[in-house]
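Chain by chain, the residues:
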Amino acid sequence: MQISARGDYAVRATLSLASAYPSLLSTQTIAAEQDMPRKFLEAVLADLRRAGIVRAQRGAEGGYTLARPPREIAIGAILRAVDGPLAGVRGVRPEETEYLGAAENLPRLWVAVRAAVRQVVDEVTLADLSSGRLPAHVRRLTTRPGAWEPR
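Predicted model only: the values in this text are computed from it and were never measured. (Residues numbered from 1 in each chain as written. Predicted model: local features only at pLDDT ≥ 70, side-chain atom pairs only at ≥ 80, totals over all residues. Heavy atoms only, no water.)

Participant: Could you clarify how one ought to interpret the side chain of Ser-16 in this entry?
Facilitator: Locating Ser-16 in the fold gives a position in helix 1 (residues 5–20). Within the structure, the side chain of Ser-16 is placed 2.5 Å from the side chain of Glu-33, a separation counted as a polar contact. In this view, Ser-16 contacts Leu-25, Ile-30, Glu-33 and Gln-34; residues no more than four positions away in its chain are not counted. (Helix = DSSP H or I, 4+ residues; strand = E, 2+ residues; numbered from the N terminus. Polar contact = N/O pair within 3.5 Å; in protein donor to acceptor, adjacent residues only side chain to side chain. Contact = heavy atoms within 4.5 Å.)

Set out below in structure tokens:
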């Protein structure tokens, strides 16, 4: 799975908002705290607003806040809001793929990959990530041999 810059920025921005929840943060504050370009951040926050993950308040005292408590927002929802479905195969959902011959069982693998990704990103919330208290099955994945090594 490849996490796009949009996805990375969206998760980082919502983590900043989670740490301030329910207070408002300006885009300038988030951009400075997370060392990201403000214009790009504004586009990401617009996607998150349209998805109902953040709320915006206009005015001199305005800014952004999470639309729900951090414990109710899964990382997967944030990633989908800015990048669409979590797993695609040539722009098609895994369950819609179809192959012939030697590759006929490949859709099962693609569906399993998506299920494995969901098992992590849909079960970790902003509150989990902010506190560092990841679910046990996610923590175990980080301790597996080779987990931190590139392949």
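Participant: Would you mind showing me how to read the packing of helix 1 against helix 3 (residues 38–50) here?
Facilitator: Packed helix pairs are characterised by how far apart their axes lie and by the angle those axes make with each other. At a minimum axis distance of 10 Å, the contact between helix 1 and helix 3 shows a crossing angle of 80°. Overall, the two elements helix 1 and helix 3 adopt an arrangement that is roughly perpendicular. On the side of helix 1, the interface is formed by Ala-5, Arg-6, Tyr-9, Ala-10, Ala-13, Thr-14 and Leu-17, while helix 3 contributes Phe-40, Leu-41, Ala-43, Val-44, Leu-45, Asp-47 and Leu-48. Residue classes in the contact of helix 1 with helix 3 are distributed as 11 nonpolar, one polar and two charged. (Axes fitted to C-alpha atoms, helices over the stretch in contact; angles between N-to-C directions. Parallel < 35°, antiparallel > 145°, perpendicular 65-115°, else oblique. Nonpolar A, V, L, I, M, F, W, Y, C, P; charged D, E, K, R; others polar.)

Participant: Looking at this model, I keep getting lost on the environment of Arg-139. Mind explaining?
Facilitator: Assignment of secondary structure puts Arg-139 in helix 7 (residues 136–143). The exposure class of Arg-139 is partly exposed, given its relative accessible area of 41%. (Buried < 20%, exposed > 50% of the residue type's maximum accessible area, 1.4 Å probe, protein only.)

Participant: In this structure, what is going on with the pattern of salt bridges? I would like to understand it.
Facilitator: A side chain with one charge can pair with a side chain of the opposite charge if their charged atoms come near. What the rule picks out here adds up to seven salt bridges. Residues Lys-39 and Glu-42 are paired through a salt bridge, measuring 3.6 Å at the closest nitrogen-oxygen approach. Here Glu-42 and Lys-39 lie together in helix 3, a separation of three residues that amounts to about one turn. In this structure, the salt-bridge partner of Arg-50 is Asp-47, at a minimum N-O distance of 2.5 Å. Of this pair, Arg-50 and Asp-47 are both found in helix 3, three residues apart, which corresponds to roughly one turn of the helix. On the basis of relative accessible area, Arg-50 is assigned to the exposed category, the value being 57%. Looking at Asp-47, the relative accessible area reads 14%, which means it is buried. One network of salt bridges, with partners in common, ties together Arg-6, Asp-47 and Arg-50. (Salt bridge = Lys/Arg side-chain N within 4 Å of Asp/Glu carboxyl O.)

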